[in-house]
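Notes for the structure review
Listed below are the residues making up each chain.
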Amino acid sequence: EAPGAGTQPDYGTFVQSINALGVITGYYIDANGVNHGFVRGANGSVVEFSAPGANSQGTFPTSINAAGTIAGYYFPASGGIAGFVRAANGGITEYSAGGAGSQGTSPQSINMAGAIAGYYQDASSVDHGFVRTGNGTITAFEAPGAGTGAFQGSFPDSINAAGVTAGYYLDAQNTVHGFVRTP
C-alpha cells in the first residue's frame, strides 16, 4: 500500500503500470479523498508525488517506461485536465494537447523513447488521438472512420518502442472499432 492511502471503502492504492525493472506507478486516494501519484521502486520503497498545481481531484499516473519516466494526467486548480511527464529524478513537466477543451488531455502510454500516446477532448466533446514525442512535439490524429460527434473519436491506449500506437475509436453510430497507427 502507498503510505497515506485511505482505508475507507473505495479508497486505497490503485496500481496502473509496471516496467521491465519491476518499478510500479499508480495513484492512491488519501483519507481526505485526494488522489496522489506514487512510484514504487523494485526494492519496495514508495515515493508519493503530485503534479504542481493539482487540485483536490489530484494526480493520476497511467504508464511508466524502463527509464522510470511516468506519463499521466492531473486536474489543475484552474480547471480541466492536463497531461504530465515525470522524469525519473522527480521533475514534472505539464502539457496540453492542442485544441484540448475543458475535458483536457489524457495520456495513456509511454514508450522507452519517451513518446506518449493518448487522447484529448475538444470544446465540442470530440476525442482526438495524439502522440507526444520525447522532445515535446505533439501530433494529433484521427483513426479512419472515427466519428465527429460528442464523445466519439479516437482513443489511443498504447505505444510501442517503434512508435506504433494501438487503440479504439467510436464511429458516427457509436460502434467501437480497433485501430493500429504506424508513425
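For the structure itself, consult the block above.
First, a word on what this report is: a plain description of the structure on this page.

Things to note about the overall build of the chain
Summing up its helical and strand segments, the chain has 0 helices and 15 strands in all. For a compact globule of 183 residues, the expected C-alpha radius of gyration is about 16 Å, and the chain comes in at 16 Å, within 12% of that figure. Each principal axis of the C-alpha distribution contributes one length, and for the chain these read about 45 × 35 × 25 Å. For the chain, the proportion of its 183 residues judged to be buried stands at 48%. As presented, the chain carries roughly 8,300 Å² of accessible surface, and 52% of it is formed by carbon and sulfur atoms. Each charge class in the chain can be summarised by its mean position, and for the 4 positive and 10 negative side chains these summaries are 14 Å apart.

Points about the environment of threonine 13
Structurally, threonine 13 can be placed in strand S1 (residues 12-18). C-alpha separation for the pair threonine 13 and glutamate 1, spaced 12 residues apart in sequence, amounts to 5.8 Å. Apart from the residues within four sequence positions on either side, threonine 13 is in contact with Glu1, Ala2, Ala5, Tyr27, Tyr28 and Phe38. Polar side-chain contacts of threonine 13 include one of 2.8 Å to the side chain of glutamate 1. Among the polar contacts listed, one links the side chain of threonine 13 to the backbone nitrogen of alanine 2, at a separation of 3.0 Å.

A look at the sheet that holds strand S2 (residues 24-29)
One open sheet accounts for 4 strands, arranged S1-S2-S3-S4; its pairing is antiparallel. For this open sheet the edge positions go to S1 and strand S4 (46-49), each flanked by a neighbour on one side alone. Here the average twist between neighbouring strands, direction ignored, is 30 degrees. Pairing of S2 with strand S3 (residues 35-40) involves 6 bridges; the strand directions are antiparallel. Within S3, the position partnered with threonine 25 by the bridge is valine 39.

Some details on the environment of glutamine 57
Tracing the sequence through the fold places glutamine 57 in strand S5 (residues 54-64). The sequence separation of glutamine 57 and valine 34 amounts to 23 residues, and the corresponding C-alpha distance is 5.7 Å.

Re the side chain of asparagine 111
On the secondary structure map, asparagine 111 appears in the loop between strand S9 (104-110) and strand S10 (116-121). The class for asparagine 111 is buried, based on a relative accessible area of 5%. Polar side-chain contacts of asparagine 111 include one of 2.8 Å to the backbone oxygen of asparagine 160. Not counting chain neighbours up to four residues away, the residues in contact with asparagine 111 comprise Asn65, Ile159, Asn160, Ala161 and Gly163.

Structural notes on the sheet that holds strand S7 (residues 82-86)
Taken in spatial order, the 4 strands of this open sheet run S5-S6-S7-S8, and their pairing is antiparallel. The two strands at the open ends of the sheet, each matched to only one other strand, are S5 and strand S8 (92-95). The mean angle between the axes of side-by-side strands here comes to 25 degrees, regardless of whether they run parallel or antiparallel.

Parameters at a glance
Residues numbered from 1 in each chain as written. Predicted model: local features only at pLDDT ≥ 70, side-chain atom pairs only at ≥ 80, totals over all residues. Heavy atoms only, no water. Helix = DSSP H or I, 4+ residues; strand = E, 2+ residues; numbered from the N terminus. Rg over C-alpha atoms; globule rule 2.2 N^0.38 Å. Buried < 20%, exposed > 50% of the residue type's maximum accessible area, 1.4 Å probe, protein only. Areas by Shrake-Rupley, 256 points an atom, 1.4 Å probe, with all protein chains shown as cover. Lys, Arg positive; Asp, Glu negative; His and termini not counted. Charge placed at Lys NZ, Arg CZ, Asp CG, Glu CD. Contact = heavy atoms within 4.5 Å. Polar contact = N/O pair within 3.5 Å; in protein donor to acceptor, adjacent residues only side chain to side chain. Pairing = 2+ DSSP bridges. Axes fitted to C-alpha atoms, helices over the stretch in contact; angles between N-to-C directions.

In short, shape yes, function no, at least from these values alone.
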